[in-house]
Amino acid sequence: MSLKQRITDDMKAAMRAKEAERLNTIRMLLAAMKQKEVDERIELDDTLIVAIVDKLIKQRKDAAQQFEGGGRQDLADKEKSEIVVLEAYLPQRLSTEEVKAAVQAIVAELGACGPGDMGKVMGAVKQRLAGQADMGVVSAAVKAALAC
């Protein structure tokens, strides 16, 4: 079953179970997916859907942090509950050690050395580890690997 079909089925299940918060989060995800399809005139595959989910999670984390800084814990909790729903659609995340090993292998494969090759390495890493790792961790691992 494709990820898109799974999300649609989950929306239907949330409707039947009358889970309003979960339903709203899934509808927001489906709207973002539809927007991407319409804007770029493409059919989304699982990789692109994972990228959208990653983006939405990052937005929710940033918003939760802002709400907590502003003293609005109720809104921060809402954002965090949306993150939990969205994370169900991500593949299993790699550990920090696994990310470092993958980055080292890519750096060796590309023959990259020094900060000037950061863009080339990040492009290759994003393709291979899309949705499997937090890009903040990936960026730090790339910087460490390119310090030659």
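Our subject is the structure that appears above.
Thresholds applied
- Residues numbered from 1 in each chain as written.
- Predicted model: local features only at pLDDT ≥ 70, side-chain atom pairs only at ≥ 80, totals over all residues.
- Heavy atoms only, no water.
- Helix = DSSP H or I, 4+ residues; strand = E, 2+ residues; numbered from the N terminus.
- Buried < 20%, exposed > 50% of the residue type's maximum accessible area, 1.4 Å probe, protein only.
- Contact = heavy atoms within 4.5 Å.
- Areas by Shrake-Rupley, 256 points an atom, 1.4 Å probe, with all protein chains shown as cover.
- Lys, Arg positive; Asp, Glu negative; His and termini not counted.
- Charge placed at Lys NZ, Arg CZ, Asp CG, Glu CD.
- Axes fitted to C-alpha atoms, helices over the stretch in contact; angles between N-to-C directions.
- Parallel < 35°, antiparallel > 145°, perpendicular 65-115°, else oblique.
- Left-handed = near helix turned anticlockwise from the far one by under 90°.
- Nonpolar A, V, L, I, M, F, W, Y, C, P; charged D, E, K, R; others polar.
- Expected span 1.5 Å × (residues − 1).
- Arc of directions from axis to C-beta.

Now for the overall build of the protein chain. Helix and strand counts for the protein chain stand at 7 helices and 0 strands. Helices and strands in the protein chain line up, N terminus first, as α-α-α-α-α-α-α. Along the first, second and third principal axes, the C-alpha set of the protein chain runs to 55 × 40 × 30 Å. Out of the 148 residues in the protein chain, the part that is buried amounts to 33%. Expressed as a percentage of contacts within the protein chain between residues at least 6 apart in sequence, the contacts between residues at least 24 apart total 58%. With an accessible surface of roughly 8900 Å², the protein chain has 53% of that area assigned to carbon and sulfur atoms. In the protein chain, 23 side chains carry a positive charge and 23 a negative one; their mean positions are 3 Å apart.

Moving on: the packing of helix α6 (residues 118-128) against helix α7 (residues 135-145). The N-to-C vectors of α6 and α7 enclose an angle of 140°; their axes lie 10 Å apart at closest approach. By the angle between their directions, the pair α6 and α7 is classed as oblique. Crossing handedness for the pair α6 and α7: right-handed. Within the contact between the two elements, α6 uses M118, V121, M122, V125 and K126 and α7 uses M135, V138, S139, V142 and K143. Looking at the contact of α6 with α7 residue by residue, the class counts come to 7 nonpolar, 1 polar and 2 charged.

Looking now at unusual backbone geometry. One non-glycine residue with positive phi stands out, namely K18, at about 55°. Secondary-structure assignment places K18 in the loop between α1 (3-17) and α2 (20-40). Positive phi, close to 50°, is recorded for R41, a residue that is not glycine. When you line up the elements, R41 lands in the loop between α2 and α3 (46-69).

Helix length check: α1 (15 residues) gives 21 Å between terminal C-alpha atoms against 21 Å at 1.5 Å per residue, within 8%. All of the buried residues in α1 are L3, I7, D10, M11 and A14. End-on view of α1: buried residues confined to an arc of 105°, all on one side of the axis. Tucked inside the fold, the buried residues of α1 contact α2 and α3. Backbone geometry just downstream of α1 places K18 in the positive-phi region, at approximately 55°.

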